[in-house]
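Listed below, chain by chain, are the residues.
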Amino acid sequence: MVDETVQFNSYQTYDFHPNTIASGNNYDSLSARYIKQAIQNEMRKKGYTQTEDAELWINFNVYVQDKLEVDTMPSMSLYYGFRRGYGVWGNYPLIQERIKQYTEGTLTIDLIDHKTNLLLWEAVAIGRVSSRTYDNLEFKINETVKLMFERLPSDAL
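What follows concerns the packing of aromatic side chains. For the coordinates displayed, the defined rule picks out three aromatic pairs. Taking the centre distance of 6.3 Å and the plane angle of 80° together, the rings of Tyr14 and Phe16 count as edge-to-face. Phe16 matches Tyr14 in its accessibility class, with the two residues each being buried. With 6.4 Å between their ring centres and 85° between their planes, Phe16 and Phe60 make a pair best called edge-to-face. Highlighted residues: Phe16 in strand E1 (residues 13-16) and Phe60 in strand E3 (residues 56-82), separated in sequence by 44 residues. Exposure class is identical for Phe16 and Phe60. Each is buried. Aromatic rings pair up to connect Tyr14, Phe16 and Phe60 into one cluster. Above the face of the Phe16 ring, Lys36 is positioned so that its terminal group lies 5.9 Å from the ring centre.

Laid out in structure tokens, this is it:
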């Protein structure tokens, strides 16, 4: 999602929104650090500089939730045997259900104008999360953030 009226090349600096900074009893998780590093890499590639007095704020959120997927398929049972002859007979149609449980993860990244506090650009990535995801978490986050930033408008630096 992008605000079509924004000239992204008029912005040169960024920093992370205060919501993304750990404070008090909160801490930066490994995934939060990996996300921040991946964003910093992509912003640097686009020509932006990180500074405390930034024109753009970056906010990100991660949501993880368990989901169920239910597939229904018609099937038929058959009877095979001898009954006054030889043959195959069909029974009543059956509905077979397959239920799969999985975890879905969503990452959102927002670019916000610091002065006006208006959302300028938002990218969303949704995917399945498994134990294999955590085996190489930093790599998967880097690849996901890279794909998300490919959608940043081309007039960005």
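We are not done yet, so read on.
Let us now look at the side chain of Thr133. Summarising the element assignment, Thr133 is placed in helix H2 (residues 131-135). Among the residues examined, Thr133 registers a relative accessible area of 14% and is labelled buried. Setting aside residues up to four positions removed in sequence, Thr133 forms contacts with Arg128 and Lys140.

Positive phi, close to 60°, is recorded for Asn117, a residue that is not glycine. Turning to its location among the elements, Asn117 is positioned in the loop between strand E4 (86-113) and strand E5 (119-129). A relative accessible area of 52% means that Asn117 is categorised as exposed.

About the cut-offs
Residues numbered from 1 in each chain as written. Predicted model: local features only at pLDDT ≥ 70, side-chain atom pairs only at ≥ 80, totals over all residues. Heavy atoms only, no water. Phe/Tyr/Trp six-rings, centres within 6.5 Å; stacked < 30°, edge-to-face > 60°. Buried < 20%, exposed > 50% of the residue type's maximum accessible area, 1.4 Å probe, protein only. Helix = DSSP H or I, 4+ residues; strand = E, 2+ residues; numbered from the N terminus. Lys NZ or Arg CZ within 6 Å of the ring centre and 35° of its normal. Contact = heavy atoms within 4.5 Å.

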